[in-house]
Amino acid sequence: MTEILSDSEADLRLRTGWTRSGSVISREVELASFPQAIEVVDRVAELAEAADHHPDIDIRWRTLTFRLSTHSAGGLTAKDFDLAARIDEVLGSV
Ligand SMILES: C[C@H](O)[C@H](O)[C@H]1CNC2=NC(N)=NC(=O)C2=N1
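Conventions and cut-offs
Residues numbered from 1 in each chain as written. Predicted model: local features only at pLDDT ≥ 70, side-chain atom pairs only at ≥ 80, totals over all residues. Heavy atoms only, no water. UniProt positions renumbered as here; feature names shortened; annotations may be inferred. Near = heavy atom within 4 Å. Polar contact = N/O pair within 3.5 Å; in protein donor to acceptor, adjacent residues only side chain to side chain. Nonpolar A, V, L, I, M, F, W, Y, C, P; charged D, E, K, R; others polar. Core = buried A, V, L, I, M, F, W, Y, C linked by side-chain atoms within 4.5 Å. Buried < 20%, exposed > 50% of the residue type's maximum accessible area, 1.4 Å probe, protein only. Helix = DSSP H or I, 4+ residues; strand = E, 2+ residues; numbered from the N terminus. Contact = heavy atoms within 4.5 Å. Pairing = 2+ DSSP bridges. Axes fitted to C-alpha atoms, helices over the stretch in contact; angles between N-to-C directions.

The name an unreviewed UniProt entry assigns to the chain is Putative pterin-4-alpha-carbinolamine dehydratase, from the organism Amycolatopsis bullii. Quoted straight from UniProt, the Sequence similarities (unreviewed entry) entry for the chain says "Belongs to the pterin-4-alpha-carbinolamine dehydratase family." Checking UniProt for the chain, the heading Catalytic activity (unreviewed entry) contains the comment "(4aS,6R)-4a-hydroxy-L-erythro-5,6,7,8-tetrahydrobiopterin = (6R)-L-erythro-6,7-dihydrobiopterin + H2O".

Chemist: Quick one: what's the story with the site of the ligand, residue by residue and with numbers?
Modeler: In the region of the ligand, the neighbouring residues are Asp52, His53, His54, Ser69, Thr70, His71 and Ser72. At 2.3 Å, a side-chain N or O of Asp52 approaches an oxygen atom of the ligand. Between His71 and the ligand, the recorded distance is 3.2 Å, taken from a backbone N or O atom to a nitrogen atom. Here the residues of the shell around the ligand are counted per class, giving no nonpolar, 6 polar and 1 charged.

Chemist: Please give an account of the nonpolar core that cites residues and values.
Modeler: Across soluble globular proteins, you tend to see nonpolar side chains buried next to one another. Membership of the largest hydrophobic core comes to 21 residues, with the highest contact counts inside it found for Trp18, Ile25, Val40, Leu64, Phe66, Leu68 and Ile87. At the level of secondary structure, the elements contributing two or more residues to this core comprise β2 (24-30), α2 (34-51), β4 (63-68) and α3 (78-92). Residue contacts for Trp18: discarding those within four places in its chain leaves Ile25, Ser26, Arg27, Phe66, Leu68, Ala84, Ile87 and Asp88.

Chemist: Lay out the side chain of Arg27 in plain terms, naming residues and giving numbers.
Modeler: Looking at where Arg27 falls in the secondary structure, it is placed in strand β2. In terms of polar contacts, Arg27 uses its side chain to reach the side chain of Asp88, at 2.7 Å. If sequence neighbours within four positions are ignored, Arg27 has contacts with Gly17, Trp18, Leu64, Thr65, Phe66, Asp88 and Leu91.

Chemist: Which residues make up the sheet that holds strand β3 (residues 56-60), and what values do they have?
Modeler: The sheet built from 4 strands is open, its strands ordered β1-β2-β4-β3 with antiparallel pairing. Whereas interior strands pair on both sides, the edge strands pair on one side only; in this sheet they are β1 (19-21) and β3. Looking at each pair of strands side by side, their axes are set apart by 25° on average, direction ignored. Bridge count for β3 against β4 is 5 bridges, and the pairing is antiparallel.

Chemist: Please set out the pairing of β2 residue by residue, giving values where relevant.
Modeler: Summarising the sheet, β1 and β2 pair through 3 bridges and their orientation is antiparallel. Residue Arg20 lies in a different strand from β2, and its bridge partner there is Ile25. Taking the residues between adjacent antiparallel strands as the criterion, β1 and β2 are bridged by 2 residues, where Gly22 takes a positive phi near 65°. Here 6 bridges tie β2 to β4, and the two strands are oriented antiparallel to one another. For Glu30, the partnering residue across the bridge sits in β4 and is Thr63.

Right, here's the structure in full:
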């Protein structure tokens, strides 16, 4: 069972560009174009499948918002921060 992180533990792990609201961390990013945003979504989808951990993804033209929480645990876990780091790697590569 993946352990739920306390608010203070979660805040210590919060990555640049991400915010926490309760048991959800999120990052909003604007891409250069809609096709580029969809390319990012495709790449994140592959990472999520490989990790068996999936973000909520809001797509509005060129703006993507990723939201992470561990539904099965009912809170934030290491899985959320690990996937956030992978999402940051994708965003850093476009
Ligand atoms: C059966 C499957 O492993 C689970 O439903 C996975 C799928 N992806 C998931 N993603 C997220 N964000 N939280 C989960 O608890 C979760 N559980």
